[in-house]
Amino acid sequence: MEHGAAATACPSDPALAPGSLAPDFRLSHPRNASLSLSDLRGQPVVLAFYPPGWDPSRGEQIAQYNKILTQLPNLHAELMDFSVDGDWYDLRFAREQMRLPFLANPSPQPEIAQLYGAEGREALFVIDADGVIQWSYRAPVGVPPKTEDLVEALRLIAPQPKEETAAPKAPRMALTRRDFIAATLAMAFALTLGAHAAQAEPEAARMGATPMAPAMGVSGGDTMPITLTVNDAAHDLQIDPRATVLDALRERIGMTGSKKGCDHGQCGACTVLVDGRRVLSCLSLAVAQQGKKITTIEGLAQGETLHPMQQAFLTNDGYQRGYCTPGQIMSAVGLLTEPVGPEDADVRENMSGNLCRCGAYPNIVAAIQDVRKANTNASV
Amino acid sequence: MNETMDAAVGKPMDRVDGRLKVTGGAKYAAEFPLPNLAHAVMITSTIAKGRVAKMDTSAADAAPGVIKVLTPMNAPRLPNDPSYSPGGASGRPQDRKLSVLQNSAVYYNNEPIGLVIAETLEQAMHAAALVQVEYKEEKPALNMGREKKNAYKPKAANQEPTDTHRGDITSGQRDASRRVEQTYTTPMENHNPMEPHATTAVWDGDDRLTVYDATQGVFGVQNVLSRIFALPKSNVRCVSYFVGGGFGCKGSVWSHIPLAAMAAKSVGRPVKLSLTRAQMFGMVGYRPQTEQDLMVAAKSDGAITASSHASWSNTSTFDEFVEPTAAVTRILYESPAQETSHRLVRLNYGTPTFMRAPGESPGTFAIETAMDELAYSLKMDPVQLRLRNYAEVDPESKKPWSSKSLRECYKVGAEKFGWDKRTPAPRSMTAPDGRLLGMGMASATYPVRRSAASALARLLPDGTAYVQAGTQDLGTGTYTIMTQIAADALGLPVERVRFELGDTEMPETPVSGGSQTAASTGSAVKQAGLAARDQAVQIALADPSSPLHGMSAADLDVKNGMIFVKAQPDKGETYAELIARQKLPKIEAKIQSKPGEEKNQYALHSFGAVFVEVLVDPDLGEIRLNRIVGAYGAGRILNAKTGRSQLIGGVVYGVGMAMMEHTIPDPRTGRIVNRDLGEYHVPVNADIPDIDITFVDEVDTIINPVGAKGIGEIGITGVVAAIGNAVYHATGVRVRDLPITLDKII
Amino acid sequence: MHPFSYRQASDEQSALSGVSGQPGAAYLAGGTTLIDLMKLDVQKPSQLIDITPLPWTKITELPGGGVSIGAMVRNSDLAHSEIIMTRYPVLSEALLSGASPQLRKMATTGGNLLQRTRCYYFRDITTPCNKREPGSGCSAMDGYNRIHAILGTSKHCIATHPSDMCVALTALDATIVTRGAKGERRIPINEFYFTPGDHPERENVLEPGELITAVELPAMPFTGRSHYRKVRDRASYAFALSSAAVALDIQGGVIKDARIAMGGVGTKPWRALDAEKALIGKTAGPDAYKAAAEAALHGAKTHKDNAFKVELAKRTVIRALTMAAQKTA
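Because the structure is predicted, anything quoted here is derived from the model rather than measured.

Colleague: Hey, could you run me through the packing of aromatic side chains in this one?
Modeller: Pairs of aromatic rings are described using the distance from one ring centre to the other and the angle between the two planes. By the definition in use, this model includes 20 aromatic pairs over all chains. Ring centres of B:Tyr28 and B:Phe242 lie 5.8 Å apart, and the angle between their planes is 45°; this geometry places the pair in the tilted category. Taken together, the residues B:Tyr28 in the loop between helix 1 (18-23) and strand 1 (38-44) and B:Phe242 in the loop between strand 11 (236-239) and helix 7 (256-267) connect sequence positions 214 residues apart. Classification of B:Tyr28 as buried rests on a relative accessible area of 1%. For B:Phe242, a relative accessible area of 2% puts it in the buried group. An aromatic cluster of at least three residues, connected via ring pairs, comprises A:Tyr323, B:Tyr28, B:Phe242 and B:Tyr479. Against the face of B:Trp203 rests B:Lys265, its NZ or CZ located 4.4 Å from the ring centre. The ring centre of B:Tyr390 lies 4.2 Å from the NZ or CZ of B:Lys404, which sits over that ring.

Colleague: Honestly, the interface of chain B and chain A in this entry has me stumped. Any pointers?
Modeller: Counting residues at the interface gives 93 residues for chain B, matched by 78 residues for chain A. Of the roughly 7,200 Å² buried at the junction of chain B and chain A (both faces included), carbon and sulfur atoms supply 55%. Sorting the residues of chain B by area buried against chain A places B:Val22, B:Met194 and B:Asn685 first, and these three jointly supply 11% of that buried surface. Of the charged contacts in the structure, one is a salt bridge between B:Glu661 and A:Arg357, with a shortest N-O distance of 2.7 Å. When contributions to the side of chain B that touches chain A are tallied by element, the ones reaching two or more residues are helix 1, helix 3 (121-130), strand 9 (198-204), strand 10 (208-213), strand 11, strand 19 (497-500), helix 16 (640-659) and strand 26 (690-695) of chain B. The element contributing the most residues to the side of chain B that touches chain A is helix 16 of chain B, with nine residues. When its residues are assigned to classes, the side of chain B that touches chain A shows 43 nonpolar, 23 polar and 27 charged.

Colleague: What is the right way to read the confidence of the model for chain A from this model?
Modeller: Any residue range with low pLDDT should be treated as having predicted coordinates unsuitable for detailed reading. Looking at chain A as a whole, the pLDDT averages 69, with 52% of positions reaching at least 70. In the predicted structure, residues 158-218 of chain A sits below a pLDDT of 50 and forms 108 contacts with residues beyond four places in sequence or in another chain.

Colleague: Teacher, can you tell me more about the sheet that holds strand 3 (residues 47-50) of chain C here?
Modeller: The strands making up a sheet associate through backbone hydrogen bonding, with each pair oriented either parallel or antiparallel. Residues and elements named next belong to chain C. Spatially, 1-3-2 is the arrangement adopted by the three strands of the open sheet, whose pairing is parallel. One side of each edge strand has no neighbouring strand; the edge strands of this open sheet are strand 1 (5-8) and strand 2 (25-28). Strand after strand, the sheet turns through a mean of 25° between neighbouring axes, direction not considered. Looking at chain direction, strand 2 and strand 3 are connected through four bridges and run parallel. Following the sheet pairing, Ala-26 is matched in strand 3 by Leu-48. Along the sheet, helix 1 (residues 12-19) contacts strand 1, strand 2 and strand 3; its crossing angle with strand 2, the most-contacted strand, is approximately 150°.

Colleague: So what exactly am I meant to see when it comes to the side chain of B:Ser307 here?
Modeller: Residue and element names in this part refer to chain B. Within the secondary structure, Ser-307 sits in strand 14 (residues 304-316). A distance of 2.7 Å separates a polar atom in the side chain of Ser-307 from a polar atom in the side chain of Ser-335. Among the polar contacts listed, one links the side chain of Ser-307 to the side chain of Gln-338, at a separation of 3.1 Å. Setting aside chain neighbours within four positions, we find Ser-307 in contact with Ile-169, Met-295, Val-296, Ser-335, Ala-337, Gln-338 and Glu-339.

Colleague: Sorry, what's going on with the pairing of strand 15 (residues 337-347) of chain B here?
Modeller: Looking along a regular strand, one sees side chains alternate from face to face of the sheet. Residues and elements named next belong to chain B. Across the eleven residues that make up strand 15, a large majority, eight, are buried. With three bridges joining them, strand 7 (residues 164-166) and strand 15 adopt antiparallel strand pairing. When the bridges of strand 15 are listed, Thr-164 appears paired with Thr-340. Of the strand pairs in this sheet, strand 14 and strand 15 are connected by eleven bridges, and their pairing is parallel. Paired with Ser-316 across the bridge in strand 15 is Leu-347. Handedness of the β-α-β unit built from strand 14, helix 8 (residues 327-332) and strand 15 comes out right-handed.

Analysis parameters
- Numbering of residues starts from 1 in each chain and follows the order in which that chain's sequence is written.
- Labels are handed out in written order, letters beginning with A for the chains and numbers beginning with 1 for the ligands.
- Local features in a predicted model are, by the rule used here, given only for residues with pLDDT of at least 70; side-chain atom pairs are given and counted only at 80 or more, and totals for whole chains, interfaces and linings are based on all residues.
- Side-chain descriptors were evaluated using all non-hydrogen atoms of the structure, hydrogens and water having been removed beforehand.
- Under the pairing criterion, centres of Phe, Tyr and Trp rings, with the six-membered ring standing for Trp, must be within 6.5 Å; the plane angle then separates stacked pairs below 30 degrees from edge-to-face pairs above 60, leaving the rest tilted.
- Put simply, DSSP H or I for four residues or longer makes a helix, DSSP E for two residues or longer makes a strand, and each gets a number counted from the N terminus.
- Three labels apply to residues, based on accessible area from a 1.4 Å probe with only protein chains included: buried if under 20% of the type maximum, exposed if over 50%, partly exposed otherwise in between.
- The criterion is that NZ of a Lys, or CZ of an Arg, lies within 6 Å of the ring centre and within 35 degrees of the ring normal, and then a charge sits over that ring.
- For this analysis, residues touch if any pair of their heavy atoms sits within 4.5 Å.
- Here the quantity called buried area is the accessible surface, traced with a 1.4 Å probe, that two parts lose on coming together, added over both.
- Whenever a carboxyl oxygen of Asp or Glu lies within 4 Å of a side-chain nitrogen of Lys or Arg, that contact is scored as a salt bridge.
- Note on residue categories: nonpolar means Ala, Val, Leu, Ile, Met, Phe, Trp, Tyr, Cys or Pro, charged means Asp, Glu, Lys or Arg, and polar means any other residue, Gly included.
- On a range of 0 to 100, pLDDT expresses the predictor's confidence in each residue.
- Any two strands are treated as partners once DSSP identifies two or more bridges connecting them.
- Lines fitted to C-alpha atoms define the axes here, with helix axes fitted over just the stretch in contact, and angles between the N-to-C directions of these axes take values from 0 to 180 degrees.
- In the analysis that follows, any N or O atom pair within 3.5 Å is treated as a polar contact, provided that within protein one partner can donate a hydrogen and the other can accept it, and provided that, for residues neighboring in sequence, both atoms belong to side chains.
- Whether a crossover is right-handed depends on one test, that the path from the first strand over the helix to the second runs clockwise when the strands point away from the viewer.

Rendered as structure tokens:
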């Protein structure tokens, strides 16, 4: 289970384990009164952390907010934009000249993210009315938690729906704190799950994930319990023996950084490290990787600091479409520990298992040589 | 509108989406985690012509996890069937004839004939293999040589005339002292972007459809899906934030896209459909095979007196696509007499499509190889021969060029390459290790295109801006160059501008194809940015509380988000201050930008020159590239870093075309035998040498507001011929049939 | 992919017992061939016994001067092993010219011996193939056959053996050590593979359930003067159109002994015994090499698209011999 994974990922943080009191902090906002987490006691709260930086799918999120907001009482406004401002997401509405702050920490003030062990990554904490962490999730960028786990956690702490149909007319700024929290909760939900989360009835979401009844013999429905260790986090999965590491990462764990280009070991886009060696995840069965350490592109950066190879690819423009890039970078990181000669030609030969249809090869070689030269200099 | 200083445009800025790409955070079409998602896997035909007589789905239906199996027999009927209907082939990409289970006809091998939808990918793949298909088979037409007698003349060659004729060929040939007449052939080639085609479709009720699609044109997808499913356009949304390569094959709406939508509707759940690599050989287009008869005749001083270029390419039996290979011959050199023509041969393969520089890629291979042959025949330097026939105006239309720097490209390229060290005789140069050394060159060219595009620029109260246009970033750097253009137009630093794309909810833009995004969407972004900035200026001028009140717009400039008096730079105010005082939620402008009369008055083209050095093993025939130098005049380069990458990428694509790419159909079944990346060879890292790209300075104020000509495709042109010419120089063997593999030269 | 059950073998015994009496069972090692073919439904085991935990991961010197290579030694580790690089450079070179760095990290020595052909038609279950489905016919014979074999073919099959490693092992007279129901067997590599003949589906002498445990290289004093030359369609990451593994014992300019094996042209890793004979006693040089190359390709049978391979293979042999001779023994 992913929340187990989160606990494994940060063993040094027992204070953040489910059941412990959420650390308090104070959010300050340039235009709004400041607010402490403890001020919100009495209602459940979801804390959402997002890595800084630009992400085009925010447009997608805005569209989602609109959908969710139309379902909230007392709020009949069209969302125009949201932006990151300090510790807040500011939402702006077209008709109402109103800003609605959301608890979210994109971490220009890193201390709060630090407090929650969430620097440079997506993280989600579901905190109950007593301020106790009920569920937590921390993952590298782009890795959402499982729908059903989150839905379950939200159901546990969500306030019981009340028949509050006769909502008062919606005067400006009439949003109550309760609405604010409900909206916060919905927002975190939307942000995490991406598109169409609002449509996801918990029951429906669970239906799709119901494990198949174990069949006798080999029928195609059998699954096996395994633990995959990915980027130092343990993932307990019930998995079809036919699932490759690549499909387990992309379709089960939700880590889509490793790419499927050919599914037959002919392109290298799925390259990951297994116990430090670069291998093709599309030709590796997930069930065969127990006890091994898998490292994917999502596990390279340390918080917000990119791995030198990631930085070198960025600086040298070692990509265009970006689809082969995770495999190129993982392969390049693997190469660093191999007996590869110093010349460009050596790098070319030893990177020939990674196709790049955009033809970024010269820039890829330059990026790798930058890192190797820096390493040599550093070790001298 | 005021012109702005260019603080960002042209700079070698790192990609704004780079961090997402190097961390695995960039989301491609198959990577949206939708709740309750079902997986679809396609079943495809194993014959090239006939019909599906029977599909036994009982084993698949009973397999674990299977939700539904769709076949031509049980698939829902679509309101508007995009299947082939006789006489319906228009050849336009938006009118592609699709195979979406509406009938049982089979027109090519590997054509969609069914769909399995299951809980997991493993279950869907297995069940698809359990479906038993019986066919009623007919004899397919698979061989172009054999079917050439049935060739026909299409109405147009892409957007160009099918045939042209100028001057008197016979007298031109009579005046010539040397004549080259040869046939050049190129095989089918597949785009093979690294990201397979994928569509995730979600219905909201019965009449609202969202698709996450790997596409070069979100609005094309919206259009076609709204037509097929009879929905208002506003009810269909297409999202495509990142595309893992297209090169043309993701520019059309192919069968899998409506099939994914059909599947999602029929199971009432979101459905994800990714094509396997093998399934990308047939149903999503390819470059057709071509046969090109070239004739170039010249006087002893090299002056061309007559030329002709007759081209044949294959299309499908049910739709039309023309590879306009002769178009390039019409504009490249002076030739007082010339004939060109395009003919099509119908074969039982899928419909071919645009593939990186359609026409120009195989076309420059033919004409630029013929020019090399002519140079040898005349004992003249290949560069000199090209300069001798330099076209000062468009030889076909006689219109002046909006700009042309080809002469400069030859010069710069030859100098950087060291062309003067070349001894012309074949096999006259060797490398220190004993390998044969060959040097070859060719011209490159691609037309400048532009379509209408819209963009929205919005200044926000916090002093940042966001700018939207529903275009696509195929890795071409659109996110980055649009951010740069918008920042300069708005007078903001790039860090304070967020550019968004890839969504039909955003302002409409054209397909990202034909190297037109920078010119089309770039112009719209620039004009929207300028309009928003002017609006802010007008508001400030009219606001009595503004320090700028009552001044004239001409006296003002905007930099770093501050509107200020040019003559007194400390006098002014920021966008943020203005918006706050005005209590505005935003200042925004949405505009549409359209091409003007320039295309009627000028000939619009990019040009370049590419020089290649090869080393050939004299016994084993192995060809290795040693270095490539390219010089290009392509107007304004909006980002020096991503621009260079794009040209390198184009050249590498050309290396593949020249030396290895070859889609091979089985002669009996029309089934592509090498339908994987193990046997369909594209260049690997070790194939690619240093590539030296130079952009010559070229200011073109005519083409479009941003002055960019588009650089997505010119890189592949010319390089194929340059490699072949270098191989000839090294070995004395002229290969006129691509790809140039070692078996053809040993 | 067809469903299967999966089990890890903890030791040799559990591996053997897992497979014995299970016709649908297969061993899984590096997976680079098996998983690929399972995805294509070419192989459909109902049970996979994962033998990667087995401890055959060592490269050890044998008392007589030879070397034993554990079946689970990965190709990359073998290629970079000091003893292989110095004593049997031909093997290291062959391994490094094969596949890609990632695949070499995965593929095992034992698995590589059992690599399957890349024949397009073998890999496409919708087309007839005698190797995949005995008696169904050979699609390659009249199909597209540029990559196909010219030596050891039969009227039922012209599929090429794809391995580089096996070509080097063939030149080196390797012995394959196996364990099966009948105990240990030691099989010279030249007797390990079958040519297709009337039964292309039978590729080697292994009995059902028999497990490769090691490969032994004999002591051969002159293998330092050995070389692998591979010719392919791109500069890296492609199967051989033609390759040659050679070792030469040259004393005083005269060839005392020679080993020649060829890849990319045979239905199995192709030992060219006649070519070796043609060299012995001759003065090392172009004439001898040319004669050997002619002998090596004697009896080659070409098809529509692969006629070029005859000349290419000859030149490859000549080149490999020339390069090997330049090395110091």
